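Listed below, chain by chain, are the residues.
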Amino acid sequence: MPAMHYTLRWPDASETTAYSPSLIIQDYFEPGRAYRLDDFAQRLQAATAIANERVQAKFGFVCSRANDQQATLLARLAQFAPQAEVTVLAFGPAD
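For the structure given in this document, a descriptive report is provided here. Within each chain, residue numbers correspond to sequence positions counted from 1 in written order. Note on the predicted model: pLDDT of at least 70 is required for a residue's local features to be given, and 80 or more for side-chain atom pairs to be given and counted; whole-chain, interface and lining totals, by contrast, use all residues. No hydrogens and no water enter the side-chain calculation; it runs on all heavy atoms of the structure.

### Some details on the pairing of strand β4 (residues 85-93)
Regular strands show a simple pattern: their side chains alternate between the two faces of the sheet.
Thought 1: Strand pairing is assigned whenever DSSP detects at least two bridges linking the two strands. The numbering of helices and of strands both runs from the N terminus, where a helix is a DSSP run of H or I of at least 4 residues and a strand a run of E of at least 2. Examined bridge by bridge, strand β1 (residues 4-9) and β4 share 6 bridges and lie antiparallel to one another. Its bridge partner being in β4, L8 is matched across the sheet by V88.
Thought 2: In this sheet, β4 lies alongside strand β3 (residues 33-36) in antiparallel orientation, the contact comprising 4 bridges. Looking at β4, one finds that R33 is bridged to V88.

What follows is the structure, encoded as structure tokens:
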């Protein structure tokens, strides 16, 4: 299953490289686009759910790394004002 990384810029201008076990993340986010935090959270949760379904179907278990990544990103979102935005900068191959 092809995995990928994607780079985010937070409202404080810091950047994070995140992981997805599936290319589905590209269907939910567009490079160069900023998303309100609530919209980003909804898209992230939907994409992670689909990615986990794909991993479950192929390997018989969900991806704990994807779940951990989602929890980390959602915790980071909570540090900012609701009207703030996070920008998806780029997609790239996973290591």
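### Let's talk about the environment of D27
Thought 1: Within the secondary structure layout, D27 lies in helix α1 (residues 25-28).
Thought 2: Exposure remark for D27: the relative accessible area of 60% places this residue in the exposed category.
Thought 3: In this structure, the C-alpha to C-alpha distance between D27 and A47, residues 20 residues apart in sequence, is 8.0 Å. Only protein chains enter the calculation, and the probe is 1.4 Å; a residue is then buried if its accessible area is under 20% of its type maximum, exposed if over 50%, and partly exposed in between.

### Some thoughts on the nonpolar core
Thought 1: What we call a nonpolar core is a set of buried Ala, Val, Leu, Ile, Met, Phe, Trp, Tyr and Cys residues that are connected through their side-chain atoms within 4.5 Å. Within the largest apolar cluster, 21 residues are counted, with the highest numbers of intra-cluster contacts made by Y6, L8, W10, F29, F40 and L73.
Thought 2: Elements that contribute at least two residues to this core include exactly β1, α2 (37-59), α3 (64-77) and β4.
Thought 3: It is α2 that provides the largest number of residues to this core, a total of 6 residues.

### So, the packing of aromatic side chains
Thought 1: Each Phe, Tyr or Trp ring, with Trp reduced to its six-membered ring, pairs with another whose centre is within 6.5 Å; inter-plane angles below 30 degrees give stacked pairs, above 60 give edge-to-face pairs, and intermediate values give tilted ones. If you walk through the whole model with that rule in mind, you get 6 aromatic pairs.
Thought 2: With 6.5 Å between their ring centres and 15 degrees between their planes, Y6 and F29 make a pair best called stacked. A residue pair is termed long-range when its members are at least 10 positions apart, and Y6 in strand β1 and F29 in the loop between α1 and β3 qualify at 23 residues.
Thought 3: Residue F29 is classed as buried on the basis of its relative accessible area, which comes to 3%.
Thought 4: Between W10 and F80, the aromatic rings sit 6.0 Å apart at their centres with planes inclined by 15 degrees, giving stacked as the arrangement. Of this pair, W10 sits in the loop between β1 and β2 (15-20) while F80 sits in the loop between α3 and β4, and the two are 70 residues apart along the sequence.
Thought 5: Here F80 falls in the buried class, since its relative accessible area comes to 17%.
Thought 6: Each residue in the set Y6, F29, Y35, F40 and F91 is aromatic and connected to the rest through ring pairs, giving one cluster.
Thought 7: The ring of Y19 carries R65 above its face, with NZ or CZ at 3.7 Å from the centroid. Whether a charge sits over a ring depends on NZ of Lys or CZ of Arg being within 6 Å of the ring centre and within 35 degrees of the ring normal.

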